[in-house]
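Per-entry structural report
These are the residues of each chain, in order.
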Amino acid sequence: MAPDTSEEPRVLPYSRGGPTVLRILLGAQLRRLRRAKGISPDDAGHIIRASHAKISRLELGRVSFKERDVADLLTMYGLTDPDERAVLLTLAREANTPGWWHKYSDLLPSWFEVYVGLEEAAAVIRSYEVQFVHGLLQTPDYARAVIKLGHEDSPDDEIGRRVALRVARQKRLEGPDGVKLWSVIDEAALRRPLGGVEVMRGQIEHLLDATRNPNVTLQIVSFDRGGHAAAGGPFTILRFDERELPDVVYLEQLTSALYLEKPEEVDRYMQVMNTLCVEAMPVSRTAAFLEDILKTL
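For every chain, the first residue of its written sequence is number 1, and the numbers climb from 1 along that sequence. Totals for whole chains, interfaces and linings use every residue, but because this is a predicted model, local features are given only for residues with pLDDT of at least 70 and side-chain atom pairs only at 80 or more, for both listing and counting. As a rule here, side-chain values come from all non-hydrogen atoms in the structure, and water together with hydrogens is ignored.

Averaged over all residues, the pLDDT of the protein equals 88, while 92% of them reach at least 70. Confidence of the prediction at every residue is given by pLDDT, a number between 0 and 100. Contact between two residues is taken to exist if any of their heavy atoms lie within 4.5 Å; hydrogens are not considered. Note that residues 4-16 has pLDDT below 50 and, in this model, 30 contacts with residues that lie over four places away or in other chains.

Definition used for salt bridges: Asp or Glu carboxyl oxygen within 4 Å of a side-chain nitrogen of Lys or Arg. For the coordinates displayed, the defined rule picks out 11 salt bridges. For the salt bridge of Arg191 with Glu187, the shortest nitrogen-to-oxygen distance reads 2.9 Å. On the criterion of helical spacing, the pair formed by Arg191 and Glu187 is a turn pair, its members being 4 residues apart in helix 9 (residues 187-191). Only protein chains enter the accessibility calculation, which uses a 1.4 Å probe; a residue is then buried when its area is under 20% of its type maximum, exposed when over 50%, and partly exposed in between. For Glu187, a relative accessible area of 6% translates into the label buried. With a shortest N-O distance of 4.0 Å, Arg201 and Glu205 are connected by a salt bridge. Of this pair, Arg201 and Glu205 both sit in helix 10 (residues 197-210), separated by 4 residues, roughly a single helical turn. We classify Glu205 as partly exposed; its relative accessible area is 38%. Secondary structure follows DSSP: runs of H or I at least 4 residues long count as helices, runs of E at least 2 residues long count as strands, and numbering of each begins at the N terminus.

Attention shifts here to the packing of helix 1 (residues 19-36) against helix 5 (residues 82-95). Axis definition: a line fit to C-alpha positions, over the contact stretch in the case of helices; interaxial angles, taken between N-to-C directions, run 0 to 180 degrees. Contact geometry of helix 1 with helix 5 gives a least axis separation of 8 Å together with a crossing angle of 145°. Classified by chirality, the crossing of helix 5 by helix 1 is left-handed. Residue-level inspection shows Pro19, Leu22, Arg23, Leu26, Gln29 and Leu33 of helix 1 in contact with helix 5, the latter providing Leu88, Leu91, Ala92, Glu94 and Ala95. A class-by-class count of the residues in the contact of helix 1 with helix 5 yields 8 nonpolar, 1 polar and 2 charged. Here is the rule for handedness: rotate from the far helix to the near one, and if that takes an anticlockwise turn smaller than a right angle the crossing is left-handed, while a clockwise turn gives right-handed. Each residue receives one of three labels: charged for Asp, Glu, Lys and Arg, nonpolar for Ala, Val, Leu, Ile, Met, Phe, Trp, Tyr, Cys and Pro, and polar for the others, Gly being one of them.

Turning our attention to the pairing of strand 1 (residues 124-129). Of all 6 residues that make up strand 1, 5 are buried, and the element is covered over most of its length. By definition, two strands form a pair when at least two bridges between them are found by DSSP. Direction of pairing for strand 1 relative to strand 2 (residues 180-186): parallel, over a ladder of 6 bridges. Pairing of Val124 across the sheet is with Lys180, part of strand 2. Of the strand pairs in this sheet, strand 1 and strand 4 (residues 235-239) are connected by 5 bridges, and their pairing is antiparallel. Looking at strand 4, one finds that Ser127 is bridged to Thr236.

As structure tokens, then:
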């Protein structure tokens, strides 16, 4: 395999993030170093007694790292500078440190645990919601009503922990370094009285408060818009400050999720999102529309 001369074998500075993102960053660096030396995934796998598939999962940040394996790969890839090795080996240790959401791991399917990790590290989240208010904007009572739809047989203490997890995630919206959330919500989600009228009133009032949060941009697609660009259903786009991390499109399904990272796929969803934001009510009308809904409840 010929060396990939378009990528220099350098160690890049890293900002701190949750373990999900740290694994992705470390995997991307290992992939760059391997390709720069023209080493195949099979040969790299042989060094750490792993398969081609395992190397692929490591480089995508889908599995945890053994520090010994990282050290062996760095030696194979010719990275001998002690300071640069120390950066990556420290990153490997930190990437194996459980995130704050680890205490909820018994409730989180693996496919959603990945999303929580990405959400924790995202700089910008753009979403389109059809049936529910975005999770980062839900009140505890509204969240409880939504969660019960999919866990109607679960005991109350489990429901309570699921609500607590959702509320904990909302801390990402706080402060000047909080994630920037741009949420486009279909009017149907605001008209559906989940949990009853009082719960829905509380949710609408919470959305009004959210419009005053500098980290939140909220738009509504009203019924009078008819068809629109996002007719295919809800989706979320996560963007990151780290240039090593590509934008990710998250599509949640009933018992799993899809994570799209290919540029052509992400670009298509970004085009739809941009078109949707033009078709939706302008941000300046959001508060007045929410107040009108409150009058009908």
